[in-house]
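A structural walkthrough
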Amino acid sequence: MRWIFFVCFVMGVVFKMIMIYFNQQQRQCALSDEVKDIYDSTTYQKWQAYENETDKIAIIQDLVDIGIAIFYFFTPIFYQVSMLFSSSILISSLGMLLVFNGFEEIVEVIFDYYETFVIEEKYGMNTTTKKTFIKDFIISLLLDFGLFGLLFVFVHYVYRWFSYYGFIVIFVILGLIVGWIQKHPIFLMRLFNQFTPLPEGHLKDTIVALLNKHGLKLKGIYVMDASKRTKRANAFCSGQGKEKEICIDDNMLEMYSEEEIVAVFAHEQGHALLKHAERQRFLNVLMGLILFLCFIFIFVHPSLYATFHIKQLNYYMVVAVLGWVLGPLMIVLDMMINHYSRLYEYQADAFAAKEGYGEALIDVLKKLTKDGLSNIQPHPIVVKMCYSHPTLSQRILAIKKYQETHQIK
Ligand SMILES: [Zn+2]
């Protein structure tokens, strides 16, 4: 059995490596007409060097992950750690969570540190201070341990009180919590970032006029302090129903013209009006259901991880086995989710073009790509499998085609 788990785990890592290889091959090809004016020869070389360095570190991280997996799967480490704690199911599970998740978080933070303070710094993208970095790490650690820890305690007592009927209670309560978080995604983001309302002024008046034109009600328009971590800029539409919010990075307000910001806002408004978050709900529910059914199956079959000499129920092992086995399935599900996400991006771009912001949107997308040293030419297979957004040249072509078809200048 441990070989099956190992193969599932390695499949996920090998998949990531193949995607890196495809992108490396694609970088050798000539750039398409729509994007070849973005980087001058110096920036083009800088982009190539940046991509090569990030790829290298990603491959090293993948190899380290395989090394850790070999250590986990082919030594008695799971059994030994489980024996360090009491024979109580809950205490033993929480102890394993603390040791293994803590270890994995430390390995990951070493790579994050290198990426942030060596690579991003070298290419002028980083603005994170060491203090912010440490604070982020501690919050992520507490969040990781806190959420899984609470899940273990919750599942433990509900199962004890209601036996198999407890799974219905667990499904309903978890569904409500996850649904609430999806409706209010910036709730958790507030742990890391500050969100302040967009200041009054001409920009806000133009945006509000655009909202009123389509009768769209938002819960808020916020500015996020992204500048304390990076020089890159972004904007996003979050929440569902009446809880929709549009957030713009402070970097964007500083570095881009008003027309460009309104073009980005028009794109985000397109997402909100076309109810893209609500449409994603079906896939999210499907994913949640698959995850939960697999969870129950592993939960009631502790024999699945008896290969690690852990013979009684252990919540940590249930979650770990779930992660290994579902890895390959998640690649397929992600592909489906990304397919719809790219479709929604085209629709939001078309909405901005319909409002007369097509050219401004093309300009701002080019600038965002250049300023963020983004991959201007990913491999088509990587785009199909992993990209939530179409490539820049695909978006430019689609916007121009929309403008031509609808005779918009
Ligand atoms: Zn979008």
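Residues numbered from 1 in each chain as written. Predicted model: local features only at pLDDT ≥ 70, side-chain atom pairs only at ≥ 80, totals over all residues.

Details of the UniProt feature "active site" (unreviewed entry) in the protein
- Within the UniProt annotation, "active site" (unreviewed entry) is assigned to Glu268 and Asp349. A maximum C-alpha distance of 8.7 Å is found for the annotated residues, which run over 82 residues; spatially they form one tight group.
- With respect to the helices, strands and loops of the structure, Glu268 is situated in helix H10 (residues 258-273).
- Beyond its immediate sequence surroundings of up to four residues, Glu268 is in contact with Ala235, Phe236, Cys237 and Ile246.
- As for its placement among the helices and strands, Asp349 is situated in helix H13 (residues 315-354). (UniProt positions renumbered as here; feature names shortened; annotations may be inferred. Helix = DSSP H or I, 4+ residues; strand = E, 2+ residues; numbered from the N terminus. Contact = placed C-beta atoms within 7 Å.)

Concerning helix H16 (residues 392-405)
- Under the 1.5 Å per step criterion, the end-to-end length of H16 is 20 Å for 14 residues, consistent within 8% with the ideal 20 Å.
- The inward-facing, buried residues of H16 abut H13 and helix H14 (358-371).
- Just downstream of H16, Gln407 is the residue with a positive phi angle, here 50°. (Expected span 1.5 Å × (residues − 1).)

Structural notes on the pairing of strand S3 (residues 235-238)
- Of the strand pairs in this sheet, S3 and strand S4 (residues 245-249) are connected by four bridges, and their pairing is antiparallel. Looking at S4, one finds that Cys237 is bridged to Ile246.
- Between S3 and S4, which follow one another and run antiparallel, lie six residues, and Gly239 among them has a positive phi close to 85°. (Pairing = 2+ DSSP bridges.)

Observations regarding the environment of Pro197
- Summarising the element assignment, Pro197 is placed in strand S1 (residues 195-197).
- Residues Pro197 and Tyr222, spaced 25 residues apart in sequence, show a C-alpha to C-alpha distance of 4.4 Å.
- Those residues in contact with Pro197, other than ones at most four positions away along the chain, are Gly220, Ile221 and Tyr222.

Overview of the domain arrangement of the protein
- Domain assignment breaks the protein into domain 1 (37-183 + 280-329) and domain 2 (191-275).
- For domain 1 and domain 2, the distance between their C-alpha centroids amounts to 31 Å.
- Contact with domain 1, which involves ten residues of that partner, is made by twelve residues of domain 2.
- Every element with two or more residues in the side of domain 1 that touches domain 2 is listed here: helix H5 (130-162) and helix H6 (166-183).
- Broken down by element, the side of domain 1 that touches domain 2 gets its largest block of residues, three residues, from H5. (Domains from an automatic or database assignment.)

Side note on the UniProt feature "domain: CAAX prenyl protease 1 N-terminal" (unreviewed entry) in the protein
- Per the UniProt record, "domain: CAAX prenyl protease 1 N-terminal" (unreviewed entry) is found at residues 29-194.
- In residues 29-194, the share of helix is 79% and the share of strand is 0%. The end C-alpha atoms are 41 Å apart.

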